[in-house]
Amino acid sequence: MTQRTPLMAGNWKMNLDHHQATHTLQKLAWTLKDAKHDYSAVEVAVFPPFTDLRSVQTLVDADKLQITYGAQDLSAHESGAYTGEISPAFLAKLGVTYALVGHSERREYHAESDALINKKVHSALKAGLVPILCVGEDLDTRRAAAHVQHTLLQLEAALADVTAEQVRTLVIAYEPVWAIGTGETATPEDAQEMSEAIRVRVGELYDAETAAAVRVLYGGSVKSSNVASIMAKPDVDGALVGGASLDPEEFAKIARFQAHEVGL
Ligand SMILES: O=C(CO)COP(=O)(O)O
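Thresholds applied
Residue positions within a chain follow its written sequence, with the count starting from 1. Owing to the predicted nature of the model, reporting of local features is limited to residues with pLDDT of at least 70; listing and counting of side-chain atom pairs is limited to 80 or more, with chain, interface and lining totals taken over all residues. Excluding hydrogens and water, the side-chain values take into account all heavy atoms of the structure. UniProt positions are given in the numbering used here, feature names are shortened, and annotations may be inferred rather than shown by experiment. Cavities and pockets are found on a 1 Å grid laid over the protein atoms alone: a cavity is a set of points where a 1.4 Å probe fits but cannot escape, a pocket is an open set with protein on both sides within 12 Å along at least five of seven lines, and a lining residue has an atom within 4 Å of such a point. A run of H or I in DSSP becomes a helix once it reaches four residues, and a run of E becomes a strand once it reaches two; helices and strands are each numbered from the N terminus. Here a residue-residue contact requires only that any non-hydrogen atoms of the pair lie within 4.5 Å. In this analysis an axis means a line fitted to C-alpha atoms, helices contributing only their contacting stretch, and an angle means the value between N-to-C directions, from 0 to 180 degrees. By the definition adopted for this analysis, an angle is roughly parallel if under 35 degrees, roughly antiparallel if over 145, roughly perpendicular if from 65 to 115, and oblique otherwise. Each residue is assigned to one class: nonpolar for Ala, Val, Leu, Ile, Met, Phe, Trp, Tyr, Cys and Pro, charged for Asp, Glu, Lys and Arg, and polar for all the others, Gly among them. Summary of the burial criterion: residues with accessible area below 20% of their type's maximum are buried, those above 50% are exposed, and those between are partly exposed, where the area comes from a 1.4 Å probe applied to protein chains only. Here, any two strands with at least 2 DSSP bridges between them count as paired. Note on handedness: a clockwise path from strand one over the helix to strand two, with the strands aimed away from the viewer, defines a right-handed crossover. When a carboxyl oxygen of Asp or Glu lies within 4 Å of a side-chain nitrogen of Lys or Arg, that pair is called a salt bridge.

Named according to an unreviewed UniProt entry, the protein chain is Triosephosphate isomerase originating from Cellulomonas biazotea. Here the protein chain is described in UniProt, under the heading Subcellular location (unreviewed entry), as follows: "Cytoplasm". The record in UniProt for the protein chain states the following under Sequence similarities (unreviewed entry): "Belongs to the triosephosphate isomerase family."

Residues annotated in UniProt with the feature "binding site: substrate" (unreviewed entry) correspond here to Asn11, Trp12, Lys13, Gly181, Ser221, Gly242 and Gly243. For this annotated set, covering 233 residues, all C-alpha atoms fall within 13.8 Å of each other, a compact arrangement in space. Those annotated residues from the list above that line the largest pocket are Asn11 and Lys13. Considering the arrangement of structural elements, one finds lysine 13 in the loop between strand E1 (7-11) and helix H1 (18-34). Setting aside chain neighbours within four positions, we find lysine 13 in contact with Phe47, Pro49, Gln72, His103, Glu105, Ile180 and Gly242. Relative to the assigned elements, glycine 242 resides in the loop between strand E8 (238-241) and helix H12 (248-255). If we skip the residues at most four places from it in the chain, glycine 242 touches Asn11 and Lys13.

Looking now at the packing of helix H5 (residues 114-126) against helix H7 (residues 147-158). It is the contact of H5 with H7, at a shortest axis distance of 8 Å, that shows an interaxial angle of 50°. On the basis of their axis angle, the class for H5 and H7 is oblique. Between H5 and H7, the contacting residues are Asp114, Ile117, Asn118 and Val121 on the first element and Gln154, Ala157 and Ala158 on the second. When the residues that make up the contact of H5 with H7 are grouped by side-chain class, the tally is four nonpolar, two polar and one charged.

All right, on to the UniProt feature "active site" (unreviewed entry) in the protein chain then. Residues annotated in UniProt with the feature "active site" (unreviewed entry) correspond here to His103 and Glu175. These annotated residues cover 73 residues of sequence, and their C-alpha atoms all fall within 8.4 Å of one another, placing them together at a single site. From this annotated list, the subset lining the largest pocket comprises His103. Assignment of secondary structure puts histidine 103 in the loop between strand E4 (98-101) and helix H4 (104-109). On the basis of relative accessibility, which here comes to 4%, the residue histidine 103 falls in the buried class.

With that settled, the discussion passes to the pairing of strand E3 (residues 68-71). The side-chain alternation of E3 yields two buried faces, one formed by Thr68 and Gly70 and the other by Tyr69 and Ala71. Direction of pairing for strand E2 (residues 43-47) relative to E3: parallel, over a ladder of two bridges. By the bridge assignment for E3, valine 46 is matched with tyrosine 69. Taking the sense of rotation as the criterion, the β-α-β connection linking E2, helix H2 (residues 53-62) and E3 turns out right-handed. Regarding topology, helix H3 (residues 88-93) serves as the crossover connection from E3 to the parallel E4, and that connection is right-handed.

The next subject is the pattern of salt bridges. For the structure on display, the rule yields 18 salt bridges. Across the pair lysine 13 and glutamate 105 runs a salt bridge, and its minimum N-O distance is 2.8 Å. With lysine 13 in the loop between E1 and H1 and glutamate 105 in helix H4, this residue pair connects regions lying 92 residues apart in the sequence. Its salt-bridge partner being lysine 120, residue glutamate 112 comes within 2.7 Å of it at the nearest N-O pair.

Put into structure tokens, the structure is as follows:
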């Protein structure tokens, strides 16, 4: 059976300028070093705003940090007349490992369609970046009990023409919109239900090996007090953390979920 390394991903959203980013990252690295964190057991990644990425790269390289980092979005294009957009190739040059694609805030505030998200998945892969594909339903869809169907349709649309080999490297983040920044967390059972449904659908679209390899994260009001019970679920391979990742000590605790018997 494939061993999936858990991933704790901190999405800073539009918070922390490049000075604050350096400070926060340094504190996170020190806290994890003090705790003798084993990065091969639980991977830790941060997702700063674009303007912080060069500073983050400089710090990671200078201090040889094992923390990885990603972008919060990227362009579907490689270069050209796309004012304000950021090329995946530029991100790759900055040592970026991951790129969030299709975050619910991009879908909602920037009207990103499933077709555009599919293009962004391809543009990330082409540049050698690992897409973290975000999917999930809003409150009305959940109330109508259509959440599984809705989320799987988003998944299928985003994976159009993506090969099994590519999907094996991919990360999928299930983020129910109603649980983002609201303090309302889906139950560990909700997180498991959808993570399992996603894995089963990947198996149907591709094969069992691909389904066993793809990492599925849960996101939505994850904190150090609830992470362990979510991570105890067999199909959940990590968390995409917003607000709680801005506090380096709290985010370090989340990454150290195995060491802290929290929330159990
Ligand atoms: O959207 C999220 C991460 O991408 C979740 O945000 P919160 O952890 O603040 O709810």
